[in-house]
Amino acid sequence: MICYLIGAGEAPGCPPRPAAGDLVIAADAGLTLAHTLGLTPALTVGDFDSLGHLPTGGDVLRLPVEKDDTDMEAALKIGRERGYHTFYLFGGTGGRPDHTYANYQLLADCAARREQAILFGAEFCATAIADGARLTFPPEARGTLSVFSALGTADGVSERGVYYPLSGATLTGTFPLGVSNRFLPGESAEISVGRGTLLVFFEGNILPRFS
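Conventions used here
- Residues numbered from 1 in each chain as written.
- Predicted model: local features only at pLDDT ≥ 70, side-chain atom pairs only at ≥ 80, totals over all residues.
- Heavy atoms only, no water.
- Helix = DSSP H or I, 4+ residues; strand = E, 2+ residues; numbered from the N terminus.
- Rg over C-alpha atoms; globule rule 2.2 N^0.38 Å.
- Buried < 20%, exposed > 50% of the residue type's maximum accessible area, 1.4 Å probe, protein only.
- Contact = heavy atoms within 4.5 Å.
- Areas by Shrake-Rupley, 256 points an atom, 1.4 Å probe, with all protein chains shown as cover.
- Lys, Arg positive; Asp, Glu negative; His and termini not counted.
- Charge placed at Lys NZ, Arg CZ, Asp CG, Glu CD.
- Axes fitted to C-alpha atoms, helices over the stretch in contact; angles between N-to-C directions.
- Parallel < 35°, antiparallel > 145°, perpendicular 65-115°, else oblique.
- Left-handed = near helix turned anticlockwise from the far one by under 90°.
- Nonpolar A, V, L, I, M, F, W, Y, C, P; charged D, E, K, R; others polar.
- Core = buried A, V, L, I, M, F, W, Y, C linked by side-chain atoms within 4.5 Å.

Some details on the overall build of the protein chain
A tally of regular secondary structure across the protein chain gives three helices and 15 strands. Taken against the 2.2 N^0.38 rule, which gives 17 Å for 211 residues, the C-alpha radius of gyration of the protein chain at 17 Å falls within 12% of a compact globule. Counting across all 211 residues of the protein chain, residues that qualify as buried make up 50%. Counted over contacts in the protein chain with a minimum sequence separation of 6, partners at least 24 positions apart contribute 60%. Within the structure as shown, the protein chain displays about 10000 Å² of accessible surface, and the carbon and sulfur contribution to it stands at 52%. Distance from the positive charge centre (15 side chains) to the negative charge centre (23 side chains) of the protein chain: 6 Å.

In structure tokens form, the structure reads like this:
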């Protein structure tokens, strides 16, 4: 089961397609994007400073303006409380760069909890893995991918089945060694990290398998 979180950022290049058993939560003005994407959220949560009004109809949870969590984080926590461990974030890029960066931090937090989270942008997707985890992309994957150390140093970083392979490398937060790699046609690609947290950006609609 997947929890779909809809923010107020740019429309994704890959539209969400929730199935039975999935949960859709709109975060503040993400309600507008949800409607644009043809979705009816089960819950709308936020302080509604960006939406500009308190929505009516359906379940609405109003949060205080002065709070520690972003509206997207509050929505994710609700999904977690309801038993979901896989999160697809839409409308979480574009607009304010600080909110986009906050969403990257949510990916890192999910990775640390052994949850699966993918952020869908207009031209790319992003996810995170941590401490012994790996991503496997099928041979159909195309385009570029980049990996970055999300929190300090990431050790034992390996990339296989890509144009620039790595084996047991160390990535730091101050040198973008893992930027602008690319998939090889017809080959499965594997990204793994021994210790630390990796942010992984990739093009296309072919999603990886987490392990």
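Looking at the packing of helix 2 (residues 71–81) against helix 3 (residues 97–112)
Direction vectors running N to C along helix 2 and helix 3 enclose 25°, while the axes themselves pass 10 Å from each other. Here helix 3 runs roughly parallel to helix 2, going by the angle between their axes. As helix 2 packs across helix 3, the resulting crossing turns out to be right-handed. Only Asn-103, Leu-106, Asp-109 and Cys-110 of helix 3 make contact with helix 2, whose side of the interface consists of Met-72, Glu-73, Leu-76 and Arg-80. Taken together, the residues of the contact of helix 2 with helix 3 break down into four nonpolar, one polar and three charged.

Structural notes on the nonpolar core
Among the nonpolar cores identified, the biggest contains 34 residues, and Ile-129, Phe-137, Ile-191 and Leu-198 are the most heavily contacted of them. Dropping the residues within four chain positions of it, Phe-137 is found in contact with Phe-183, Ser-188, Ala-189, Ile-191, Phe-202, Ile-206 and Pro-208. Leu-23, Val-45, Leu-63 and Ala-111 belong to the second largest nonpolar core, which has 28 residues in total.

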